[in-house]
Amino acid sequence: MTTAVADRTLNALDRCDRCGAQAYVRVVLESSGGELLFCGHHARAIEATLRPLSSDWHDETGRLHEKAPVAVD
């Protein structure tokens, strides 16, 4: 895996490996370097099990609470 892939921001094309919803968490596994993507719900559900096995836990769930800018005409 390249650093550029691990460091990029997740977008609407990134989907949860469990349910297919938009992914907000990227987990890089320590043993294989493999990447798993999760929605916020499934990331919280599996965090206690996967975090000790991960080399990187990239969490963007804070974006769920951001307000979209409103254009004023």
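Residues numbered from 1 in each chain as written. Predicted model: local features only at pLDDT ≥ 70, side-chain atom pairs only at ≥ 80, totals over all residues. Heavy atoms only, no water.

Under an unreviewed UniProt entry, the protein chain has the name DUF7455 domain-containing protein and belongs to Pseudarthrobacter psychrotolerans.

Asks: Any chance you could explain the overall build of the protein chain here in plain terms?
Replies: A tally of helices and strands in the protein chain yields 2 helices and 3 strands. Starting at the N terminus, the α and β elements of the protein chain follow one another as α-β-β-α-β. Taken over the C-alpha atoms alone, the protein chain extends approximately 55 × 25 × 20 Å along its principal axes. Residues classed as buried in the protein chain amount to 30% of the 73 residues present. (Helix = DSSP H or I, 4+ residues; strand = E, 2+ residues; numbered from the N terminus. Buried < 20%, exposed > 50% of the residue type's maximum accessible area, 1.4 Å probe, protein only.)

Asks: Looking at this model, I keep getting lost on the pattern of salt bridges. Mind explaining?
Replies: Close approach of charged atoms allows side chains of opposite charge to pair. Taken as a whole and assessed by the stated rule, the structure comprises 3 salt bridges. Across the salt bridge formed by E35 and R26, the nearest N and O atoms sit 3.1 Å from each other. Relative accessible area serves as the criterion here: at 28%, E35 is assigned to the partly exposed category. For R26, a relative accessible area of 0% translates into the label buried. The residue R51 makes a salt bridge to E47 at a minimum N-O spacing of 2.9 Å. (Salt bridge = Lys/Arg side-chain N within 4 Å of Asp/Glu carboxyl O.)

Asks: Explain the state of the cysteines here, please?
Replies: Among covalent bonds in proteins, the disulfide is the one between the sulfur atoms of two cysteines. All told, the structure shown has 0 disulfides when counted by the stated rule. This cysteine, C19, is not joined by any disulfide, and C16 carries the nearest cysteine sulfur, 3.8 Å off. (Disulfide = S-S within 2.5 Å.)

Asks: Explanation requested: the side chain of E60 in the structure shown.
Replies: Inspection of the secondary structure puts E60 in the segment after β3 (54–59). On the accessibility criterion, E60 (9% relative accessible area) is buried. Here the side chain of E60 touches L10 through a polar contact of 3.1 Å, landing on its backbone nitrogen. One polar contact links E60 to H58, side chain to side chain, over a distance of 2.6 Å. Leaving out residues up to four positions away in the same chain, E60 has contacts with R8, T9, L10 and Y24. (Polar contact = N/O pair within 3.5 Å; in protein donor to acceptor, adjacent residues only side chain to side chain. Contact = heavy atoms within 4.5 Å.)

Asks: Explanation requested: the nonpolar core in the structure shown.
Replies: The tendency in soluble globular proteins is for nonpolar side chains to be buried side by side. With 9 residues, the main nonpolar core is built from C16, V25, V27, L29, F38, C39, A43, L50 and W57. If you list the elements that add at least two residues to this core, you get β1 (25–29) and α2 (40–50). Here the element with the most residues in this core is β1; it accounts for 3 residues. When sequence neighbours within four positions are dropped, the list of residues in contact with V25 reads L10, L36, L37, F38, A43, W57, H58, D59 and T61. (Core = buried A, V, L, I, M, F, W, Y, C linked by side-chain atoms within 4.5 Å.)

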